[in-house]
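# Geometric and topological summary
Listed below, chain by chain, are the residues.
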Amino acid sequence: MKKIKVKALSKEYPVYIGNKIFSSISNLIVEHSLTKNLFVVVDKNVLELHPGCVSAFNKNKFNKINILVFDSSEKNKNSKSVERIYNSLIKNNYGRDSVVIAIGGGITGDIVGFAASTFGRGVQFVQVPTTLLAAVDSSVGGKTGINFGATKNLIGSFYQPDFVLIDTSFLRTLPEEEIICGIGEIIKYAFLSDQKLFDDIKINFKKLFNLNSAVTAKTIETCVRFKAGVVEADETESGLRKILNLGHTFAHAFEVEQNYEIKHGQAVAVGLVCALFLSNQLGFINSRNLDKYLGLPFLFQGKINFESCNVENVFNIMLRDKKSREGKIKFVLLTEPGKLLIDVEATKEQVIRSIEDGVSYFI
Ligand SMILES: NC(=O)c1ccc[n+]([C@@H]2O[C@H](COP(=O)([O-])OP(=O)(O)OC[C@H]3O[C@@H](n4cnc5c(N)ncnc54)[C@H](O)[C@@H]3O)[C@@H](O)[C@H]2O)c1
């Protein structure tokens, strides 16, 4: 199994990547000297498809193990679900000497991470991502959170896990739309990294889509290494880490406007296209390069579940985004893959036009 170190300021921890490595979870918990009181929150679908993921824990090595099943959806990514976790922890006599383990996609990881960071002012935490999106992105870097009111991820914390275990064998049961969601975030990394990764992802798109094991493992490793580097430089998003939000200000607004009928990774793909159009409007990329860069999200056309949207509503939701300040939306834009601009402002007309261009690209 591969081991990638994330050297964040608040904590240094490894990300293990491999095929069929989940069976080593008990040994890893012991090796990392974590406590022997295990509380596992597992995504309902994952438990059904991979029942072995809860029986794999070696009971002889631990004092106690409790399992809580979570029904993952953006609508359940809320304070009620966090309360359910707290209540179950209290009912089963867990204290500060506990390790909370999240097995599931990005929603499970975000919500369980938030509960782990706040219960008893913070208990140990392990991430086992089971979606492509969570493997390449959300399980690493320590952002946790829940949706609140009509704003995505408004309440949350920065809380690094003790380790992350990415077992690619979980991915083989993913439905097609979840693979698309993962590729949405991978395309983001293609724009954030450099021309080489951009070209590699484009060439390997079909293999990635079919979860070719070598290409998938390599891509996960590349994205994790890239994200680790960014998090090491700026753990709490005061500067460089903002680049990871490329396309996300648009994406979060699409998710809220569509009442979460569009999935996060798919909204990211649309948001990236909006960001490309806005970068073009503001003169950061010329029309020839715009066409070239659109060639990657182009591979998604016909695969995004998006029928129509109210552009004015999307704009108003963006104004409420937690990154907006005094009525000004802050964008991450680019000049070329690997050359990003942060905190860019634009006029309402420019933003509206980029939303229209991005949406009509997929409809
Ligand atoms: N913390 C971060 O840095 C960060 C980064 C990116 C995204 N996110 C968050 O991640 C969330 C999206 O994550 P997601 O796309 O993984 O969603 P998700 O957790 O809802 O998982 C998507 C679906 O796949 C199912 N599933 C999970 N694993 C499976 C498997 N192995 N086989 C079959 N089905 C499986 C789930 O039950 C769910 O229905 C969003 O809320 C987003 O805000 C967080």
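Placed above this text is the structure.
For the structure given in this document, a descriptive report is provided here. (Residues numbered from 1 in each chain as written. Predicted model: local features only at pLDDT ≥ 70, side-chain atom pairs only at ≥ 80, totals over all residues. Heavy atoms only, no water.)

### So, a nonpolar patch on the surface
For the record, the criterion: Exposure above 30% relative accessible area and the lack of any salt bridge qualify a residue for a patch; like charges then connect within 9 Å, and the nonpolar side chains Val, Leu, Ile, Met, Phe, Trp and Tyr within 5 Å. Note that accessible areas follow from Shrake-Rupley with a 1.4 Å probe, and for residues the cover is restricted to the protein chains shown. By definition here, a salt bridge exists when the distance from a side-chain nitrogen of Lys or Arg to a carboxyl oxygen of Asp or Glu is within 4 Å. A 1.4 Å probe rolled over the protein chains alone gives each residue an accessible area, and that area as a share of the maximum for its type sets the label: buried under 20%, exposed over 50%, partly exposed in between.
Taken together, the side chains of F148, L154 and I155 define a hydrophobic patch exposed on the protein surface, amounting to about 240 Å² of accessible area. Overall, the relative accessible area of 32% leaves I155 in the partly exposed class.

### Thoughts on the sheet that holds strand β1 (residues 2-7)
Through backbone hydrogen bonds, the strands of a sheet pair up, either in parallel or in antiparallel fashion. Heads up, the condition is: Any two strands with at least two DSSP-identified bridges between them are counted as paired. Numbering of helices and strands starts at the N terminus; helices are DSSP runs of H or I of at least 4 residues and strands are runs of E of at least 2. Angles run from 0 to 180 degrees between N-to-C directions of axes, and those axes are lines fitted to C-alpha atoms, restricted for helices to the stretch in contact. Any pair of residues with heavy atoms lying within 4.5 Å of one another is described as a contacting pair.
Taken together, seven strands build an open sheet; the order of strands is β1-β2-β9-β6-β5-β3-β4 and the sheet is mixed. One side of each edge strand has no neighbouring strand; the edge strands of this open sheet are β1 and β4 (64-70). Direction aside, the axes of adjacent strands within the sheet are offset by 15° on average. Strand direction decides the pairing type here: strand β3 (residues 37-43) and strand β5 (residues 99-104), joined by five bridges, are parallel. Along β5, the bridge assignment pairs V42 with I103. Here helix α4 (residues 79-91) sits on the sheet in contact with β3, β4 and β5, set at roughly 160° to β4. In the packing of helix α10 (residues 213-233) onto the sheet, the strands contacted are β1, β2 (12-18) and β9 (163-167), and the crossing angle to β1 comes to about 15°.

### As for the site of the ligand
The condition that has to hold: Put simply, a residue is near a molecule or strand once any heavy atom of it comes within 4 Å of that molecule or strand. Think of a polar contact as two N or O atoms within 3.5 Å of one another; within protein, one of them needs to be a possible hydrogen donor and the other a possible acceptor, and neighboring residues in sequence only count if both atoms come from side chains. Under the grouping applied here, Gly and all other residues not named as nonpolar or charged are polar, the nonpolar ones being Ala, Val, Leu, Ile, Met, Phe, Trp, Tyr, Cys and Pro and the charged ones Asp, Glu, Lys and Arg. Domain ranges listed in this record stem from an automatic or a database domain assignment.
Taken together, 28 residues sit near the ligand, with D43, S72, E74, T131 and T173 positioned nearest. Between E74 and the ligand, the recorded distance is 2.6 Å, taken from a side-chain N or O atom to an oxygen atom. Contacts to the ligand include K227, whose side-chain N or O atom sits 3.3 Å from an oxygen atom. In isolation the ligand offers 870 Å² of accessible surface; the protein chains occlude 93% of this area. The set of elements that each furnish at least two residues to the shell around the ligand consists of α2 (44-49), α5 (106-118), α6 (132-138), β8 (151-158) and α7 (176-192). Residue composition of the shell around the ligand, grouped by class: seven nonpolar, 11 polar and 10 charged. Shared between two domains, the shell around the ligand holds at least three residues of each, these being domain 1 (2-173) and domain 2 (176-362).

### Some words on the pattern of salt bridges
Enumeration according to the criterion identifies 16 salt bridges in this entry. Residues E185 and K188 are paired through a salt bridge, measuring 3.2 Å at the closest nitrogen-oxygen approach. Here K188 and E185 lie together in helix α7, a separation of three residues that amounts to about one turn. Each member of the pair, E185 together with K188, is buried. Residue K242 pairs with D343 through a salt bridge whose shortest N-O separation is 3.0 Å. Taken together, the residues span a long stretch of sequence, with K242 in the loop between α10 and α11 (248-257) and D343 in strand β11 (residues 339-344) at a distance of 101 residues. Because the salt bridges share partners, they merge into one network encompassing D137, E185, K188 and K227.

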